[in-house]
Each structure stands twice: as structure tokens, then as C-alpha cells.
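Here's the letter readout for the chains.
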Amino acid sequence: MEILTEKEEKNTNSVAYKDRIIGMVEGKTPGPTIIALAGVHGNEPTSIKAVEHVLEKIKGLEDKFSGTFIGIRGNLEALSKGERFIDEDMNRIWFTSILDKVRRTPFDKVLTAERRETKAVLEIIDPIILNENKKEPVIFADLHTFSAETGLFAISSREKKNVDLLSKLNVPLIFGIEKALHGTALKYIQNTGNIGFAFEAGMHFSESAEFNATAGIYALLNASGCLDLSYIPDYEPYHDFLAQQTAGLPKKVEFIYKHIIEEDDDFVMRPGFKNFDKIKKGDWLANDKLGRIEAQAGGYILMPLYQEQGDDGFFIVKDLG
Ligand SMILES: [Zn+2]
């Protein structure tokens, strides 16, 4: 992709593009462009390793590859510190108007670390996602991990093209999260008319999350028609591992509830909750300075918070069958 080479030569910001871009493979035949963004949260470098692994395996397969795969690191400064974010959550600022301002502001005038990081990411992805003449789809995968022990899932919109593609990944699909989380990258990308989703691969720094993220990217390459997986010799163990991790989990669920943490709440999740644990209304889930926090609805628990940074205590979702 010519645009990237041009950008590499331009020293427009403090972060070198070669550090931001994990790698890229351009197929010999036309096809979708897959953008894998990893490490938007600085305490989630695990998916970066998965992207590196996939790139290593698909390099050299350009003859067999249709389209383009590009891996990008999200929040370099937070990644270097191992923290979720420096000034503000980088996955809560992707509003069209904020991004417009970020694009128009010179780097040294951008107010927060995360907006600078976002500006640098936009310089790479804007020519891809905002290209109105493109003939092939653009698929944006925002790769995350979480602080709970197990479970993996993809956060999607209900749009048919999203659901058709993501159903092939064989992971639970979560709908309706946009009602609870505003300013996410995936929602912004969807608004630009492209396919966008978040892939939550497993617990931060865990080997299983790295395996799941790798399996998920392989499955995406196949589902989108970029690459036949028979060309990937190590696909099978990844596929089997992911299948084992998702066995028994619901296929499609819908967001119904989020516990919002406010300043000085002293929120503490009770230990032992995992993603997709079944809960009933009234179950004792967490504590804050006022005492017990009980489930306000029955369903499955999602993303119980076992880390200090973050304002979302837990989510409750219901099975859509
Ligand atoms: Zn994250």
C-alpha cells in the first residue's frame, strides 16, 4: 500500500510509523483490507503477539492471499508503561466530532496522550476507511483482552454484513454494547460504512488469550476470503483450542445492564466470576462503600472488573439463542 511508504518517510509525529505498524501483507489478488488494531489499552499487549504470530505465518503466502492484512499497535505510550491508559481511555474518544478535531490539531497541540496516539493511528487508517472509491470491503478488528479469567467473545453490531462474517468465527457475538459504551473505535468504524468489531480474546497476558486471538485472526482471514486456511500449517491446534474455549457458550447475546463505577465508590468485584457465568436477579456480585451490589437482572455476567483502571464494573447480557 503506497500510502504507508509515503507516510513512513514523513516525520509528522513523535512516534515512528515503523513502530506503530506491526506488519503488513499484501496479496497478489484483490480482496478485503483487514485492519487489526491491537493494544489500544496499554495493559493488553497479548493481542499484539497474536498479530505478530499471524504475520509471521502469512508472510510469503502473498500468491495465495487476496487483499491486504495490516497490524497496528494502538496506544504506544500506555503500552510502554503497561497501563490501560495515560490520560483517558483511548477506546472512548472515537466520536466523529472529536476525531475531526484531533485530525485538525497539530501534534504538539493535541491535549492528551490518547488523542495523540489516536491521531497517529488515524493517519494510517484514514486513507483506508475513508476511501469512497474502494471496491473491496474494509474489516476493522479491534483486539482486546480483559481482567476476568476466561471466556472470549466478539462485540458486533446487528448489521447483516457484520453478523454474516462474524458468525463464521465461532465465538459468542455480543449485540447492543453501544448502548453502554460510547466513543468506541468499532462503533466509529461502523459509522463510516465499514465492518468493525471488537474481539475480546481472554485474560490479560494469558497464553489462552494469545491462542484465542491468533485463532480468531486466522478464522477472520478465512471467513473474509483472504486466505484458505489449508495454507496455514499451524491452524488446526488454534482452531481446536478456540472451539474448546467456546464450547457451551451462547452464540448470540444482547446487552441488558452495566454497573457504572463512579469516583470514590470503592467498587470491588467479588472473586471468582468468569465471563458467561449464569446469574439470577439478586445475586451478590460486588461490593462498594455502601455494601452489597446485587444483580439487577438475571442473565450472563460479562467482563467482571478485576483491575483498578476502568469505569465498567460488570455487564449483564441475555441469551438470544
Ligand atoms: Zn481493552
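Predicted, not measured: the structure shown is a model, and the values here were computed from it. One numbering rule holds for all chains: residues counted from 1, following each sequence as written. Restriction of local features to residues with pLDDT of at least 70 applies here, the model being predicted, together with a cutoff of 80 or more for giving and counting side-chain atom pairs; totals for whole chains, interfaces and linings are based on all residues. Side-chain calculation: all heavy atoms of the structure are included, whereas hydrogens and water are not.

A. Inspection of the coordination of the zinc ion at higher detail. As a rule, N, O and S atoms within 2.8 Å of a metal are its donors, except that Na, K and Ca use 3.2 Å; water is not among the atoms, so sites may look incomplete. Around the zinc ion, the protein contributes the donor atoms His-41 (ND1), Glu-44 (OE), Glu-44 (OE) and His-144 (ND1), at 2.0 to 2.3 Å from the metal centre. Around the zinc ion, the four donor atoms are arranged such that angles at the metal cover 56 to 145 degrees; this shape is classified as irregular. Here the donor residues for the zinc ion map to a single chain with the spacing H-x2-E-x99-H. When sorted by exposure, His-41 lands in the same class as Glu-44, which is buried. Think of it this way: with four donors and all angles in the 85 to 135 degree range, the site is tetrahedral; with four or six donors, opposite ones beyond 155 degrees and the rest between 65 and 115, it is square planar or octahedral; otherwise it is irregular. Exposure is judged per residue with a 1.4 Å probe applied to protein chains only, and the accessible area is read against the type maximum: over 50% gives exposed, under 20% gives buried, and values in between give partly exposed.

B. Quick look at the sheet that holds strand β9 (residues 268–269). Strand order across the open sheet formed by three strands is β9-β11-β12, with antiparallel pairing between neighbours. Lying at the two open borders of the sheet, with one neighbouring strand each, are β9 and β12 (291–294). DSSP-based pairing: two strands are paired if at least 2 bridges between them are found. Only DSSP runs of H or I covering at least 4 residues are called helices, and only runs of E covering at least 2 are called strands; the numbering of each starts at the N terminus. Pairing analysis gives two bridges linking β9 to strand β11 (residues 284–288), with the strands arranged antiparallel. Residue pairing in the sheet places Met-269 in a bridge with Ala-286 of β11.

C. Region of the structure containing the packing of aromatic side chains. By convention, a stacked pair of Phe, Tyr or Trp rings (six-membered ring in the case of Trp) has centres within 6.5 Å and planes under 30 degrees apart, an edge-to-face pair has planes over 60 apart, and any other such pair is tilted. Counted under the stated rule, the structure contains eleven aromatic pairs. Relative to Phe-276, the ring of Phe-153 has its centre 5.9 Å away and its plane inclined at 85 degrees; by these criteria the two rings are edge-to-face. Of the two residues, Phe-153 is situated in strand β5 (residues 153–155) and Phe-276 in the loop between β9 and β10 (278–279); the sequence distance between them amounts to 123 residues. Ring plane angle 80 degrees and centroid distance 5.8 Å describe the contact between Tyr-218 and Tyr-235, whose orientation is recorded as edge-to-face. Of the two residues, Tyr-218 is situated in helix α9 (residues 207–223) and Tyr-235 in helix α10 (residues 235–246); the sequence distance between them amounts to 17 residues.

D. Representation of the pattern of salt bridges. By convention in these notes, a salt bridge is any Lys or Arg side-chain nitrogen within 4 Å of a carboxyl oxygen on Asp or Glu. In total, this model carries 18 salt bridges according to the counting rule given. Between Arg-104 and Asp-100 there is a salt bridge whose closest N-O contact spans 3.2 Å. Of this pair, Arg-104 and Asp-100 both sit in helix α5 (residues 96–104), separated by four residues, roughly a single helical turn. Using a relative accessible area of 61% as the deciding quantity, one classes Arg-104 as exposed. One salt bridge in this structure joins Asp-312 and Lys-258, with 2.9 Å as the shortest N-O distance. Here the residue Asp-312 occupies a position in strand β14 (residues 312–319), and Lys-258 occupies one in strand β8 (residues 252–260), the gap between them amounting to 54 residues. On the basis of relative accessibility, which here comes to 13%, the residue Asp-312 falls in the buried class. A single salt-bridge network, built from bridges that share partners, covers Glu-44, Arg-84 and Asp-89.

E. Expanded view of the confidence of the model for the protein. Residue-level confidence of the predictor is summarised by pLDDT, bounded by 0 at the bottom and 100 at the top. On average, the protein scores 92 in pLDDT, and the residues at 70 or more come to 94%. Predicted confidence for residues 1–15 stays below pLDDT 50, and this span has 22 contacts to residues more than four positions away or in other chains. We call two residues contacting when some pair of their heavy atoms lies within 4.5 Å.

F. Molecular detail of the sheet that holds strand β1 (residues 21–26). The sheet built from eleven strands is open, its strands ordered β1-β3-β2-β4-β7-β5-β6-β8-β14-β13-β10 with mixed pairing. What marks the edges here is a single partner per strand, and that holds for β1 and β10. Inspection of the sheet shows strand β4 (residues 138–146) paired to strand β7 (residues 195–203) by seven bridges, in the parallel sense. Bridging across to β7, His-144 finds its partner in Glu-200.

G. Region of interest: unusual backbone geometry. At Asn-170, a residue that is not glycine, the phi angle is positive and equals roughly 60 degrees. Relative to the elements of secondary structure, Asn-170 occurs in the loop between α7 (160–166) and β6 (173–175). One non-glycine residue, Phe-276, lies in the positive phi region at around 70 degrees. The buried category is assigned to Phe-276, whose relative accessible area is 7%.

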